[in-house]
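Residue strings, one per chain:
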Amino acid sequence: MARLARGPSGLKNAGRVVTIKHGGRFFLPYQLHYTARELLASYPELPAFLAAKRQYDPTELFSSTVYRAIKALGRAAS
């Protein structure tokens, strides 16, 4: 079993690990505390979402800091 860091960051990591282990989804907060692998494990449909987003909004008129970060992580995970 992986050793988790003490303190708030260790607790956040433990929550993500347990959530993914049991097939759940973690909240996509404005502060990105998850890895590309964790993102894809929790949101396996992310590649399909990003493809649909490109289809319906090719110029990325509707965007945000969170979307850009998730898009970059999604690209890294696939």
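Above this text you will find the structure in question.
Residues numbered from 1 in each chain as written. Predicted model: local features only at pLDDT ≥ 70, side-chain atom pairs only at ≥ 80, totals over all residues. Heavy atoms only, no water.

(A) View of the overall build of the protein. Looking only at helices and strands, the protein has four helices and zero strands in total. Going from the N terminus to the C terminus, the protein shows its helices and strands as α-α-α-α. Expressed as a percentage of the 78 residues in the protein, the buried residues total 28%. Residue pairs in contact within the protein that sit at least 24 positions apart in sequence constitute 34% of those at least 6 positions apart. Total accessible area on the protein is roughly 5900 Å²; 62% of this is exposed by carbon and sulfur atoms. (Helix = DSSP H or I, 4+ residues; strand = E, 2+ residues; numbered from the N terminus. Buried < 20%, exposed > 50% of the residue type's maximum accessible area, 1.4 Å probe, protein only. Contact = heavy atoms within 4.5 Å. Areas by Shrake-Rupley, 256 points an atom, 1.4 Å probe, with all protein chains shown as cover.)

(B) Up close: the pattern of salt bridges. Evaluated as defined, the whole model comprises two salt bridges. Linking Lys-53 and Asp-57 is a salt bridge whose minimum nitrogen-to-oxygen distance equals 2.5 Å. The pair Lys-53 / Asp-57 is uniform in exposure class, with both members buried. With a closest N to O distance of 2.9 Å, Glu-60 and Lys-71 form a salt bridge. (Salt bridge = Lys/Arg side-chain N within 4 Å of Asp/Glu carboxyl O.)

(C) A look at helix α3 (residues 46-56). Those residues of α3 that fall on the buried side of the exposure criterion are Leu-46, Leu-50 and Lys-53. When α3 is viewed along its axis, its buried side chains cluster within an angular range of 60° and face the same direction. Of the exposed residues in α3, the ones pointing more than 90 degrees away from its buried face are Ala-48, Gln-55 and Tyr-56. (Arc of directions from axis to C-beta.)

(D) Up close: the nonpolar core. Judged by nonpolar contacts, Phe-26, Tyr-34, Ala-36, Leu-39, Tyr-43, Leu-46, Leu-50, Val-66, Tyr-67, Ile-70 and Leu-73 together constitute the single largest core of eleven residues. Within the residue set of this core, elements represented by two or more residues are α2 (36-42), α3 and α4 (65-77). Among the elements that line this core, the one with the most residues is α4, at four residues. (Core = buried A, V, L, I, M, F, W, Y, C linked by side-chain atoms within 4.5 Å.)

(E) Representation of unusual backbone geometry within the structure. Positive phi values are uncommon outside glycine, yet Glu-60 reaches one of about 55°. With respect to the helices, strands and loops of the structure, Glu-60 is situated in the loop between α3 and α4. By relative accessible area, which is 26% here, Glu-60 ends up partly exposed.

(F) Region of interest: the side chain of Asp-57. Here Asp-57 shows up in the loop between α3 and α4. Under the relative-accessibility criterion, Asp-57 is labelled buried at 9%. Of note is the side chain of Asp-57, whose polar atom sits 2.5 Å from the side chain of Lys-53. There is a polar contact of 3.0 Å between the side chain of Asp-57 and the backbone nitrogen of Phe-62. (Polar contact = N/O pair within 3.5 Å; in protein donor to acceptor, adjacent residues only side chain to side chain.)

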